[in-house]
Amino acid sequence: MASDTWNATHLPDLTGRTAVITGANSGLGLATAGALARAGAHVVFAVRDLARGGAAVAKVSGSTEVRRLDLADLDSVREFAAGWDRPLDLLINNAGVMMLPEQRTKQGFEMQFGTNHLGHFALTNLLLPLVTDRVVTVSSGLHRGGDGVIHFEDVNLRGRYSPTRAYAQSKLANLLFTLELQRRLTEAGSPVRALAAHPGYAATNLQSHHANPVVRGLMAVGNRVFAQSDEAGALPTLYAASQDLPGASYVGPSGLGEMRGAPTLVGRSRAASDARAARRLWTLSEELTGVEWELKPVSRP
């Protein structure tokens, strides 16, 4: 099936497969969850608010369950992972926060880097021994924005915080994480693949949290006039989750500026392809989260 005609109706039969989706209670996560459940997968809504998760599950037809996960609290991440005791076909690192006023996670990290990257880094590594197929992490075309680099000297951006800089750094981190995760999986001889996706310009509730009220208003107008639906925005994630793509692939919309359109393989910034920066970020993330790589190499006869 060519990517220029691909949509959620082309998902394969996923009966018997299990998917965990972070932030599945709304927006792209809910659209992704609904499509996977309709295709037969058992979908786990990993959400911060169980009541909202329950309300979201009620909108979805298929096999579902809700489990609590707060990516801004590494204790919650560890608790979620400790409670998972069965094979997991698909982990979709979808949840995120966008362009917030300066805030900190429970462990004191800048909120966007801590939630969008560190929370997912810890979750993935803790669950990885049970993952059987792939890990898909949702990034953004805005990984090219901000300063275009990871501020290794201070990822928390103390004294120079801006909502855009912090968001761009966290989305760049998502791509570097995917790159290094795939390198490590390959080195270990694992069949699991790490991929990334971005939705283009999709109308979700993320844009409603921008620190600047003027920007919030402009984004609200953009959502109504220019953005595609969250169902369309979920297509790159679904494509990455279901198609036979090389590890470390990056999927986004095929249209002008990657803002909308059917899913296809897309490019990334030079910074997002920097293998040395990816390794450095991995080491730093291990130090910050206390979660280390433990996947053993596959033994060969």
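Residues numbered from 1 in each chain as written. Predicted model: local features only at pLDDT ≥ 70, side-chain atom pairs only at ≥ 80, totals over all residues. Heavy atoms only, no water.

Topic: the overall build of the protein
Part 1: Along its length, the protein carries 9 helices and 8 strands.
Part 2: Looking at the protein as a whole, 56% of its 301 residues qualify as buried.
Part 3: Of all intrachain contacts in the protein linking residues separated by at least 6 positions in sequence, the fraction that spans at least 24 positions is 71%.
Part 4: A total accessible area of about 12,800 Å² is found for the protein, and carbon and sulfur atoms account for 52% of it. (Helix = DSSP H or I, 4+ residues; strand = E, 2+ residues; numbered from the N terminus. Buried < 20%, exposed > 50% of the residue type's maximum accessible area, 1.4 Å probe, protein only. Contact = heavy atoms within 4.5 Å. Areas by Shrake-Rupley, 256 points an atom, 1.4 Å probe, with all protein chains shown as cover.)

A closer look at the packing of aromatic side chains
Part 1: Per the counting criterion, the structure on display carries 6 aromatic pairs.
Part 2: On the numbers, 5.9 Å between centres and 65° between planes, the contact of F121 with F177 is edge-to-face. Of the two residues, F121 is situated in helix 4 (residues 111-127) and F177 in helix 5 (residues 163-187); the sequence distance between them amounts to 56 residues.
Part 3: What makes F177 buried here is its relative accessible area of 4%.
Part 4: Directly above the aromatic system of W84 lies the positively charged group of R86, at a separation of 4.2 Å from the ring centroid. (Phe/Tyr/Trp six-rings, centres within 6.5 Å; stacked < 30°, edge-to-face > 60°. Lys NZ or Arg CZ within 6 Å of the ring centre and 35° of its normal.)

The values reported here are purely geometric and, on their own, carry no functional implication.
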